[in-house]
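Listed here are the chains, written in short residue letters.
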Amino acid sequence: MTRVSSEPMTPELVRSAAFTPARLGRRGLDEGEVRAFCGRVSDELARLLSSNTVLQEEVLRLRGRLLDRAGKPGVRPEDGHVQAVYMLSRAQKTADRCVADAQEYSRELAEDARMRRDEILREAKVRASMILEEAHASASKAAQAARDAPEPLPAAELQGLQAEIAYLRTFSDVCRTHLRAYMESLARSIELWERAEHEGASTAKRSVLHSSQHALSRNATHLWCRMR
Amino acid sequence: MDELRLKESFARAAAYGDEVALFFYSHLFLGHPELREMFPVSMADQRDRLLSALGQIVADVSSQEDLVPYLAGLGRDHRKFGTLAEHYPAVGASLLATLAHFNGMAWTEDLARDWTEAYTVIAAVMTEAAAEDEGLHPPWWGATVVGHERRTMDIAVLRVAPEVPFSYVPGQSVAVESEARPRLWRFYSMANAPRHDGTIDFHVRAIDGGPVSCALARSVAVGARLRMGAPVGTLRLDMASRRSVVLAAGSTGLAPLKAMIEQASGLAEPPRVHLVFGARTAAELYDLPDLEKMAAQWPWLTVTPTVSAEPQYRGETGTVADVIGRRVPLTDHDAYVCGSSAMVTATVNRLQSLGMPQNRIYIEDFGWSES
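Cut-off values and rules
- Residues numbered from 1 in each chain as written.
- Chains lettered and ligands numbered in written order.
- Predicted model: local features only at pLDDT ≥ 70, side-chain atom pairs only at ≥ 80, totals over all residues.
- Helix = DSSP H or I, 4+ residues; strand = E, 2+ residues; numbered from the N terminus.
- Buried ≥ 20, exposed ≤ 12 C-beta atoms within 10 Å, placed from the backbone.
- Rg over C-alpha atoms; globule rule 2.2 N^0.38 Å.
- Contact = placed C-beta atoms within 7 Å.
- Pairing = 2+ DSSP bridges.
- pLDDT = per-residue confidence, 0-100.
- Axes fitted to C-alpha atoms, helices over the stretch in contact; angles between N-to-C directions.
- Parallel < 35°, antiparallel > 145°, perpendicular 65-115°, else oblique.
- Left-handed = near helix turned anticlockwise from the far one by under 90°.
- Nonpolar A, V, L, I, M, F, W, Y, C, P; charged D, E, K, R; others polar.
- Right-handed = clockwise from strand over helix to strand, strands pointing away.
- Domains from an automatic or database assignment.
- Core = buried A, V, L, I, M, F, W, Y, C linked by C-beta atoms within 7 Å.

1. Some thoughts on the overall build of chain A
At step 1: A count of helical and extended segments in chain A gives five helices and zero strands.
At step 2: Seen in sequence order, chain A has helices and strands lined up from the N terminus as α-α-α-α-α.
At step 3: Here chain A holds 228 residues, and the buried ones make up 4% of them.

2. Remarks on the overall build of chain B
At step 1: Helix and strand counts for chain B come out as eleven helices and twelve strands.
At step 2: Over its C-alpha atoms chain B spans a radius of gyration of 23 Å, differing by no more than 12% from the 21 Å that the globule rule assigns to 371 residues.
At step 3: Structurally, chain B occupies a C-alpha span of about 70 × 50 × 40 Å along its principal axes.
At step 4: When each of the 371 residues of chain B is scored for burial, the buried share is 41%.
At step 5: Counting only contacts in chain B whose residues sit at least 6 apart along the sequence, the fraction spanning at least 24 positions is 73%.

3. What to know about the sheet that holds strand 7 (residues 244–250) of chain B
Paired through their backbone hydrogen bonds, the strands of a sheet run either parallel or antiparallel.
Residue and element names in this part refer to chain B.
At step 1: Pairing within the open sheet is parallel, and its six strands lie in the order 10-9-8-7-11-12. Of all strands in the sheet, those bounded by a partner on one side alone are strand 10 (316–317) and strand 12 (361–363).
At step 2: Both strand 9 (residues 301–307) and strand 10 contribute to a ladder of two bridges, which runs parallel. Counterpart to Val307 in the pairing with strand 10 is Thr317.

4. Observations concerning the confidence of the model for chain A
Residue and element names in this part refer to chain A.
At step 1: Put simply, chain A has an average pLDDT of 77, and 70% of its residues get 70 or more.
At step 2: By mean pLDDT, helix 5 (residues 202–227) is the weakest element of chain A at 59, and helix 3 (residues 77–148) is the strongest at 88.
At step 3: Here residues 1–5 is a poorly scored stretch, pLDDT under 50, and it has eight contacts once near neighbours within four places are set aside; other chains count.

5. Describing the packing of helix 10 (residues 320–327) of chain B against helix 11 (residues 341–353) of chain B
Residues and elements named next belong to chain B.
At step 1: Interhelical geometry of helix 10 versus helix 11 gives an angle of 25° and a closest axis separation of 8 Å. Classified by the angle between their axes, helix 10 and helix 11 sit roughly parallel to one another. Relative to helix 11, the crossing made by helix 10 is right-handed. Residues Val320, Ala321, Ile324 and Gly325 of helix 10 lie in contact with helix 11, whose contacting residues are Met343, Ala346, Thr347 and Arg350.
At step 2: Residue composition of the contact of helix 10 with helix 11, by class: five nonpolar, two polar and one charged.

6. Considerations on the sheet that holds strand 4 (residues 186–189) of chain B
Residues and elements named next belong to chain B.
At step 1: Spatial strand order, 4-3-6-1-2-5: six strands in an open sheet with antiparallel pairing. The sheet terminates laterally at strand 4 and strand 5 (200–205), the two strands that pair on one side only. Along the sheet, successive strands turn relative to each other by an average axial angle of 40°, direction set aside.
At step 2: With four bridges connecting them, strand 1 (residues 141–150) and strand 6 (residues 225–228) associate as antiparallel partners.

7. Things to note about the confidence of the model for chain B
Residues and elements named next belong to chain B.
At step 1: The predicted model of chain B averages 93 in pLDDT, with 98% of residues at 70 or higher.
At step 2: Highest mean pLDDT in chain B belongs to strand 5 (98); lowest belongs to helix 10 (91).
At step 3: A low-confidence stretch, residues 367–371 stays under pLDDT 50, and its non-local contacts, those more than four residues away or across chains, total 17 contacts.
At step 4: We note a pTM of 0.72 for the whole complex and an ipTM of 0.80 for its interfaces.

8. A word on the pairing of strand 8 (residues 273–279) of chain B
Residues and elements named next belong to chain B.
At step 1: Across the seven residues of strand 8, seven count as buried, placing the element largely inside the fold.
At step 2: The two faces of strand 8 match: Val273, Leu275, Phe277 and Ala279 on one face and His274, Val276 and Gly278 on the other face are all buried.
At step 3: Relative to strand 8, strand 7 is paired through six bridges, and the arrangement is parallel. What sits directly across from Val245, in strand 8, is Val273.
At step 4: Note on the crossover from strand 7 through helix 8 (residues 254–265) to strand 8: the handedness is right-handed.
At step 5: Taken together, the seven bridges between strand 8 and strand 9 define a ladder with parallel strand orientation. Across the sheet, Gly278 pairs through a bridge with Thr306, a residue of strand 9.
At step 6: Handedness of the strand 8-helix 9 (residues 288–297)-strand 9 crossover: right-handed.

9. Focus: the domain arrangement of chain B
Residues and elements named next belong to chain B.
At step 1: Domain parsing of chain B yields domain 1 (3–134), domain 2 (141–228) and domain 3 (244–363).
At step 2: On a C-alpha basis, the centres of domain 2 and domain 3 stand 23 Å from each other.
At step 3: Listed as interface residues are 15 residues of domain 2 and, on the opposing side, 14 residues of domain 3.
At step 4: Broken down by element, the residue count for the side of domain 2 that touches domain 3 peaks at four residues, all from strand 5.

10. Looking at the packing of helix 4 (residues 64–77) of chain B against helix 6 (residues 109–134) of chain B
Residues and elements named next belong to chain B.
At step 1: In contact at an axis separation of 7 Å, helix 4 and helix 6 are set at 55° when each is read in the N-to-C sense. Considering the angle they form, helix 4 stands oblique to helix 6. Where helix 4 crosses over helix 6, the two elements pack in a sense that is right-handed. Where helix 4 approaches helix 6, its residues Val68, Leu71, Ala72, Leu74, Gly75 and Arg76 are matched on the opposing element by Ile122, Val125, Met126, Thr127, Ala129, Ala130 and Asp133.
At step 2: For the contact of helix 4 with helix 6, the per-class residue count stands at nine nonpolar, two polar and two charged.

11. Things to note about the interface of chain B and chain A
At step 1: Across the boundary between the two partners, chain B contributes 21 residues, which contact 23 residues of chain A.
At step 2: At the level of elements, helix 2 (18–31), helix 3 (44–59) and helix 11 of chain B are the ones that each hand at least two residues to the side of chain B that touches chain A.
At step 3: The element contributing the most residues to the side of chain B that touches chain A is helix 2 of chain B, with eight residues.
At step 4: Of the residues assigned to the side of chain B that touches chain A, the class counts are nine nonpolar, eight polar and four charged.

12. Topic: the nonpolar core
At step 1: Grouped together as the largest cluster of nonpolar side chains are 66 residues, with contacts concentrated most on Leu247(B), Ala248(B), Ala249(B), Leu257(B), Leu275(B) and Tyr336(B).
At step 2: When residues in this core are grouped by element, the largest group, seven residues, is from helix 8 of chain B.
At step 3: Lining this core are residues from two domains, each supplying at least three of them: domain 2 (141–228) and domain 3 (244–363) of chain B.
At step 4: The contacts of Leu257(B), once residues within four sequence positions are left out, are Leu247(B), Ala249(B), Leu275(B), Tyr336(B) and Cys338(B).
At step 5: Core analysis: the next-biggest nonpolar cluster, separate from the first, contains 18 residues, Val85(A), Leu22(B), Phe24(B) and Trp115(B) among them.

Spelled out as structure tokens, the structure:
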């Protein structure tokens, strides 16, 4: 109990009594049962208190009558006032009860809302950690599968090879073009050479020979360089 | 005046418990309906207070040295409710009528005389104290809310600006009434040392079903008006002590201790201060960023937060008492403890079992608001 024990016992106090939870590993009481019991005690206390008020009034009324019999005849002037005081007291008690009930209701609502909020947060946390765990699990599974599979080429090496292939393809195109040019120039040289033979001019023969040799060697050098 | 007779007659009436106070107030309001509006709608707490005050007065009737300061305090305290000297005779008449009523046939002329005499003294001490106070303070201080920060679902930090200067000592608290809940006064501690602009911070936790705390934490907004009584409370930093200081704060019990830290920062040689600030969950460590800023700024201050209901929290876990036992080597310390009554009891017990003498443990004498 967290309340001071000298406080007067009221139905509200019983109903809202808070108990310190038992320490972990110790045995505690079922909270619902304790609450239900406090509720009953509170109702009973409220009933007793209200019947007490009625009885008080009765006692005082009878006491007044006794006093009258004992030699003070007639209605005393303060009797009416006492009645009024009791009437006002009862109205005040009703008001107190209404306020106390409203406060109690708001306390219960707030407590309930807090409990639910905590529960929702707890669930969300559990769910979040589950999702995280799942993600971890599937990630490690994927990693395992990758480890078990035949070793694929590393990306850098693959890229290098692809570049090599592209280069070779281009190179073969270039080779073909050069080869064609070489053939053509060879054919032209032969043609020129035949013509020169017909004309019988040796200087022309020499120059044609020289230029065709030159073209051939240039093409060959070019090809050779590319090959390397 | 026969003191024994007085006590006996009071005991006879007091046996009827709540009925006595109920009768007293109904009697008073029937005779003086204009007094009713000085009280809240629900009178249940009011009746408890009346009975305990009367009980205290009657118990101390033979020891003047206890009774007079108590009555003087009561007289000063009643100024904020709007109590005036002319109200006292009406109260006296209803008190006598109530006692006569519940004493029934045991009520005598002598008793009536005793009680009249006793009440005259009570009223004189109370009105005199109130009159003396009138020269020093207004009956209450009006204040406007200039800041309202909701730090969690249930905790708000209010900043208010009093209309006239309000002076107090860090560690003290004050009765606060909101226009949203008239006639209901609750105590809150000033959470800062006095500032140049005079503004005051209050740390308010909404207590389930608590009419005032819920209004202050949730519905009050900037611009709202409050009334404050005179500052009260004896909790304050012992400036003469050369010892180190451990501050134990449970939730919004932090407020007066934070004010004391700010006060220490103004000293030429601040003591070493270790604040342990506890809450249920990390989210409820509502003022931690500010405290960490203070600790970063002031090398003599250490702040250790702890959380009691969140085992996965990365910092310290457990109650404030647990953490003090674990983290603070209590060599030569003064301790200041503030929080819920359960937290204060547990922490004080732990400090004592760790060997701290009782006279070095300071707690609030009253003023911690629970509703």
